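# Architecture and fold: a report
Spelled out, the chains give:
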Amino acid sequence: MWVCSTLWRVRTAARQWRRLLPASGCHGPAASSYSASAEPARVRALVYGHHGDPAKVVELKNLELAAVGGSDVHVKMLAAPINPSDINMIQGNYGLLPELPAVGGNEGVAQVVAVGSNVTGLKPGDWVIPANAGLGTWRTEAVFSEEALIQVPSDIPLQSAATLGVNPCTAYRMLMDFEQLQPGDSVIQNASNSGVGQAVIQIAAALGLRTINVVRDRPDIQKLSDRLKSLGAEHVITEEELRRPEMKNFFKDMPQPRLALNCVGGKSSTELLRQLVRGGTMVTYGGMAKQPVIASVSLLIFKDLKLRGFWLSQWKKDHSPDQFKELILTLCDLIRRGQLTAPACSQVPLQDYQSALEASMKPFMSSKQILTM
């Protein structure tokens, strides 16, 4: 998903950015959005002015907070994760790019501080998450329009709320939208220790689905396997094990999967395709290997396999805001029932963003970096 080459400009993100300009001053019409007070409220934000290596282009800056207009909401950010899509957006190779300069971060959870006179759906104290990508969540405070936010219940864990709007939504939609799966059916996926992968495991278990979870071999493979199985994974195998001829015996005790979820590409995606039952579907939502999906002609002809793609931002464009809110509430119900937890996380103070960015780009990193404000 984050390797798309088409560059879309995000008008909403641009409008939100104009609400929050560098504290060193501004020029032109945008200055009229500033608070009229002598000492405007200042916030800290992780800003990038051009695309490149996140560790080099992202800076912690002081910004001025705009006055709250009639349809605006003043929020205090509580926590915001660093996702692969955030990194790719900063690098400039994502399918959706805000105008520069921009504040990093596509998801997170905030608490409402104050609302404008025309705001009817939110009140101080409410928890909210971004309605769409590109809002810029790596900051201590912000003023957003009401339509840019979605209320979430405040009785779920903070880390779950902060990581609710991207990975679990992607996992749920891929499990529901491409094959009519029934309890007892199996699903195979790679990058199973990713945020989406962990959500797939848990949501699939809640739906009565069996999962085959492929991961890269690593020194602590047994520890990783135990952790994924504690989430509900039935099988955890390495990429190397998936390629072995013995895999044909694997499906004597369980049905071949109807659905494969690919976040890697390259040889890994080819191996997922080989395991699908005739007529099955592989959904690609990422390309971590930065290699194309290669499907053999024989698999396409003789097994009639289907290759699909999924991007949550496009799903939102194709569905109403109420449908996205319904999806969020469905996931919150799973969280309350203990069937969906946040991915393994490391909380990092905003000022330590450099170490968090570096950790998020390391190989075999199973802990999601979450910036706390």
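Coordinates for the structure precede this section.
Residues numbered from 1 in each chain as written. Predicted model: local features only at pLDDT ≥ 70, side-chain atom pairs only at ≥ 80, totals over all residues. Heavy atoms only, no water.

### A look at the overall build of the protein
Threshold: For helices the rule is a DSSP run of H or I covering at least 4 residues; for strands it is a run of E covering at least 2, with both sets numbered from the N terminus onward. Relative accessibility under 20% of the residue-type maximum defines a buried residue, over 50% an exposed one, and the middle range a partly exposed one, all with a 1.4 Å probe and only protein chains included. Whether two residues touch is decided by their heavy atoms; if any such pair falls within 4.5 Å, the residues are in contact. Surface accessibility follows the Shrake-Rupley procedure with a 1.4 Å probe radius. Residue values consider only the protein chains on display as shielding.
Counting its regular elements, the protein contains 14 helices and 17 strands. Out of the 373 residues in the protein, the part that is buried amounts to 53%. Looking at the protein alone, contacts between residues at least 24 apart form 74% of all its contacts between residues at least 6 apart. Surface summary for the protein: the accessible area is close to 16300 Å², and the carbon and sulfur share equals 51%.

### Description of the sheet that holds strand 2 (residues 58–64)
Through backbone hydrogen bonds, the strands of a sheet pair up, either in parallel or in antiparallel fashion. Quick note on the threshold: At least two bridges found by DSSP between two strands are what make those strands a pair. Orientation is described by axes fitted as lines to C-alpha atoms, over the contacting stretch for helices, and by angles from 0 to 180 degrees between their N-to-C directions.
Strand order in the open sheet formed by 3 strands is 2-1-4, and the pairing between neighbours is antiparallel. Two strands close off the open sheet at either side, each with one partner strand: strand 2 and strand 4 (102–103). Of the strand pairs in this sheet, strand 1 (residues 42–48) and strand 4 are connected by 2 bridges, and their pairing is antiparallel. Bridged to Val47 within strand 4 is Val103. Of the strands in this sheet, strand 1 and strand 2 touch helix 14 (residues 353–360), which is tilted by about 135° from strand 2.

### A closer look at helix 14
As a reminder, the rule being used: Within this analysis, the arc is defined by the directions that extend from the helix axis to the C-beta atoms.
Those residues of helix 14 lying buried are Tyr353, Ala356, Leu357 and Ala359. Down the axis of helix 14, the sector holding all buried residues measures 165°, keeping them to one side.

### Structural notes on the packing of aromatic side chains
Two descriptors summarise a pair of aromatic rings, namely the distance from one centre to the other and the angle between the planes of the rings. Heads up, the condition is: Side-chain rings of Phe, Tyr and Trp (the six-membered ring for Trp) are treated as a pair once their centres are within 6.5 Å; stacked means planes under 30 degrees apart, edge-to-face means over 60, and tilted covers the remaining angles.
On inspection of all chains with the given rule, the structure shows 3 aromatic pairs. Centroid distance Tyr94 to Trp311: 5.9 Å. Interplanar angle 85°. Geometry classified as edge-to-face. Residue Tyr94 is found in the loop between helix 3 (84–91) and strand 4, and its partner Trp311 is found in the loop between strand 15 (306–309) and helix 12 (312–318); the two are separated by 217 residues along the sequence. For Tyr94, a relative accessible area of 4% puts it in the buried group. Judged by its relative accessible area of 12%, Trp311 is buried. Between Phe250 and Phe251 the ring centres are 5.2 Å apart and the planes differ by 80°, which places this aromatic pair in the edge-to-face class. You can call Phe251 buried: its relative accessible area is 14%.

### Quick notes on unusual backbone geometry
The omega angle of the peptide bond from Leu100 to Pro101 is 0°, so this bond is cis rather than trans. Relative to the helices and strands, Pro101 resides in the loop between helix 3 and strand 4. Of note in this structure, Lys290 is not a glycine but carries a positive phi near 55°. Mapped onto the elements, Lys290 comes out in the loop between strand 13 (281–284) and strand 14 (291–293). One non-glycine residue, Asp304, adopts positive backbone phi at about 50°. Classification of Asp304 as partly exposed rests on a relative accessible area of 41%.

### Thoughts on the pattern of salt bridges
For clarity, the cut-off: Whenever Lys or Arg places a side-chain nitrogen within 4 Å of a carboxyl oxygen from Asp or Glu, that contact is recorded as a salt bridge.
Applying the stated rule across the entire model yields 9 salt bridges. The shortest N-O distance in the salt bridge between Glu59 and Lys61 comes to 3.9 Å. Residue Glu59 is classed as partly exposed on the basis of its relative accessible area of 41%. Under the relative-accessibility criterion, Lys61 is labelled partly exposed at 33%. In this structure, Glu271 and Arg274 form a salt bridge, with 2.7 Å as the shortest nitrogen-oxygen distance. Of this pair, Glu271 and Arg274 both sit in helix 10 (residues 266–275), 3 residues apart, which is roughly one turn of that helix. Exposure remark for Arg274: the relative accessible area of 42% places this residue in the partly exposed category.

### As for the nonpolar core
Rules: Nine residue types can take part in a nonpolar core, namely buried Ala, Val, Leu, Ile, Met, Phe, Trp, Tyr and Cys, and a core is a set of them joined through side-chain atoms within 4.5 Å.
Ranked by internal contacts, the top residues of the largest apolar core, which has 45 residues, are Leu164, Leu175, Ile203, Leu261 and Leu331. A per-element tally of this core places helix 13 (residues 321–336) first, with 7 residues. Among the nonpolar cores identified, the runner-up in size contains 22 residues, and Leu46, Tyr94, Tyr353 and Leu371 belong to it.

### Here's the deal with helix 5 (residues 167–177)
Counting buried positions along helix 5 gives 9 out of 11 residues, so the element sits mostly inside the fold. Turning to helix 5, its buried residues are Asn167, Pro168, Cys169, Thr170, Ala171, Tyr172, Arg173, Met174 and Leu175.

### Examining the sheet that holds strand 13
The 6 strands are arranged 11-10-9-12-13-15 in an open sheet whose pairing can be described as parallel. Edge positions in the sheet fall to strand 11 (235–238) and strand 15, since each of these pairs with one other strand and no more. Here the average twist between neighbouring strands, direction ignored, is 20°. Inspection of the sheet shows strand 13 paired to strand 15 by 4 bridges, in the parallel sense.

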